[in-house]
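Summary of the model geometry
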Amino acid sequence: MARIIPLSEGSFTVDGTKQFVPFDDRKDQLKDRPAGSLLVEIQPFLVITDRDILLMDTGLGFRNPDGILQLHQNLIDNGINPMEVTKVLMSHLHKDHSGGVISTDPVTGERSLSFPHATYYVSKPELDYAFANDGKSYHKEDFDLLAQRDNVVFTEGKGTIDGYIHYEWSGGHCPYHQVFLVDDGEDKVFFGGDEAPQISQMRSRFVAKYDYDGKRASELRQEYMERGKAGDWTFLFYHDTKQPTTKFQI
C-alpha cells in the first residue's frame, strides 16, 4: 500500500508579478493583498511504494532559518533521509514547482541536484520551452543542471516508468505539462500538478486566465475527476490550502 506524505512549504499569495508572498491565515487577510491575488499552498508530495520513494515536484526551494533546504527539512521531519529519494517526478518547471530541483551550497556556492541519488523524470519539450521562456514563471537557474546530468530521464507524450508509473502529456496549464498516475497494484495515486491543483477547481468548470489553455485545463480537470472516480484514484493537490488529498466518489 502506498504511503502519501504532503510536504507543505506553507501558504502564499501570488499575483500578476508571479511573486510568492507568505500568507499566515492567523493574521493576514486576502483582501489586503493586491487585487487578483490567489491564495495557494506550495505542497510537494512524497509517495512511498514497495519499490520507490517518489517525490512529486520540488516546491519553491526556500531554505529554513538554519540554512537547510526546506524540502529536505520536511523530509527529515517525516523520518525520510533526502538521499533515499529514488525518483523525482516533475509535472512542469514553473518556479513554484522547480525551485527545489537544485541546491546551492551556502558556503562554497557549488550547485548540485538536490536529490543526487534519485532519477529525475522531466518533459523534454517542457525543459526546452522553459529555457526559451526564462523570466517571470520560469527561472532557468532553478533547473538548468537537468540538461547536464546523467540521472535525468527525458519524457515526451505518454509512457510508463518501471511498469507502474504512468505519465501523459496534458498541456493545459502550460504547453508541455505532464501528469502522473502511480499504480502499484493496490493503490492508484494521481498527481496532476497544476492541471489538478485544488479540489475546488476539480468541482467547477472554471476557466483560469493563468492557464496557457484555460479551456483545455478546465476540460482536463473534469476528465481526470471522472477517470479518478472510475479508477478509485487518490488525488494529490499541490496548491490546496485545506485538503491535500481526496478520492472522488461515483
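Here, every reference points to the structure presented above.
Remember, predicted model here, so these are calculated numbers, not experimental data.

Regarding the overall build of the chain
- When helices and strands are tallied, the chain shows five helices and 17 strands.
- Scaling as 2.2 N^0.38, a compact globule of 250 residues should have a C-alpha radius of gyration of about 18 Å, and the chain matches this with 17 Å.
- In terms of overall dimensions, the chain has a C-alpha envelope of 55 × 50 × 35 Å along the principal axes.
- Looking at the chain as a whole, 54% of its 250 residues are labelled buried.
- Looking at the chain as shown, the accessible area adds up to about 11500 Å², and 49% of this sits on carbon and sulfur atoms.
- Separation between the mean location of the 27 positive side-chain charges and that of the 39 negative ones in the chain comes to 5 Å.

Considerations on helix H5 (residues 214–231)
- An ideal rise of 1.5 Å per residue puts 26 Å on 18 residues; H5 measures up with 25 Å between its terminal C-alpha atoms.
- Of all the positions in H5, only Gly-214, Ala-217, Ser-218, Leu-220, Arg-221, Gln-222, Tyr-224, Met-225, Gly-228 and Gly-231 are classed as buried.
- Looking at the buried side of H5, the elements it contacts are strand E13 (165–169), strand E14 (178–183), strand E15 (188–191), helix H4 (199–203) and strand E16 (233–236).
- Positive backbone phi, at 60 degrees, marks Asp-232, one or two positions downstream of H5.

Quick notes on the pattern of salt bridges
- As enumerated under the stated definition, the model contains 13 salt bridges in all.
- As a salt-bridge pair, Lys-31 and Asp-32 come within 3.5 Å of each other at their nearest N and O atoms.
- A relative accessible area of 67% places Lys-31 in the exposed class.
- With relative accessibility at 56%, the residue Asp-32 sits in the exposed group.
- Each member of the salt-bridge network shares a partner with another, and the members are Asp-52, Lys-87 and Asp-162.

Quick look at the packing of aromatic side chains
- Enumeration according to the criterion identifies 13 aromatic pairs in this entry.
- Geometrically, the ring pair formed by Phe-190 and Tyr-224 is tilted, given 4.9 Å between the ring centres and 45 degrees between the ring planes. One end of the pair, Phe-190, is in strand E15; the other, Tyr-224, is in helix H5, and 34 residues separate them in sequence. No difference in accessibility class separates Phe-190 from Tyr-224, as the two residues are buried.

A few points about the side chain of Lys-95
- Here Lys-95 shows up in helix H2 (residues 95–98).
- The buried charged residue Lys-95 lacks any salt bridge partner; its closest oppositely charged side chain belongs to Asp-96, at an N-O distance of 7.7 Å.
- Residues in contact with Lys-95, not counting those within four places in the same chain, are Lys-18, Gln-19, Phe-20, Gly-59, Leu-60, Lys-136, Ser-137, His-139 and Asp-142.

With respect to the side chain of His-92
- When you line up the elements, His-92 lands in the loop between strand E7 (87–89) and H2.
- Separated by 2.8 Å, the side chains of His-92 and Ser-91 make a polar contact.
- Only 3.5 Å separates the side chain of His-92 from the side chain of Asp-194, close enough to count as a polar contact.
- Contacts of His-92, omitting those with residues within four sequence positions, involve Asp-57, His-97, Glu-126, His-173, Cys-174, His-177 and Asp-194.

Quick notes on a nonpolar patch on the surface
- On the surface, a cluster of nonpolar side chains totalling about 250 Å² of accessible area is made up of Leu-38, Phe-206 and Tyr-210.
- By secondary structure assignment, the location of Leu-38 is in strand E4 (residues 38–41).
- Residue Leu-38 is classed as partly exposed on the basis of its relative accessible area of 33%.

Section: the sheet that holds E4
- Spatially, the three strands line up as an open sheet ordered E3-E2-E4, and their pairing is antiparallel. Single-partner strands in this sheet number two, and they are strand E3 (20–22) and E4. Between one strand and the next, the sheet's axes are offset by a mean angle of 40 degrees, whatever the strand orientation.
- Bridge analysis of strand E2 (residues 11–14) against E4 gives four bridges, and the strand direction is antiparallel. In the sheet register, Thr-13 faces E4, and the bridge partner there is Leu-39.

What counts and how
- Residues numbered from 1 in each chain as written.
- Predicted model: local features only at pLDDT ≥ 70, side-chain atom pairs only at ≥ 80, totals over all residues.
- Heavy atoms only, no water.
- Helix = DSSP H or I, 4+ residues; strand = E, 2+ residues; numbered from the N terminus.
- Rg over C-alpha atoms; globule rule 2.2 N^0.38 Å.
- Buried < 20%, exposed > 50% of the residue type's maximum accessible area, 1.4 Å probe, protein only.
- Areas by Shrake-Rupley, 256 points an atom, 1.4 Å probe, with all protein chains shown as cover.
- Lys, Arg positive; Asp, Glu negative; His and termini not counted.
- Charge placed at Lys NZ, Arg CZ, Asp CG, Glu CD.
- Expected span 1.5 Å × (residues − 1).
- Contact = heavy atoms within 4.5 Å.
- Salt bridge = Lys/Arg side-chain N within 4 Å of Asp/Glu carboxyl O.
- Phe/Tyr/Trp six-rings, centres within 6.5 Å; stacked < 30°, edge-to-face > 60°.
- Polar contact = N/O pair within 3.5 Å; in protein donor to acceptor, adjacent residues only side chain to side chain.
- Patch = residues over 30% accessible without salt bridge, like charges linked within 9 Å, V, L, I, M, F, W, Y side chains within 5 Å.
- Pairing = 2+ DSSP bridges.
- Axes fitted to C-alpha atoms, helices over the stretch in contact; angles between N-to-C directions.

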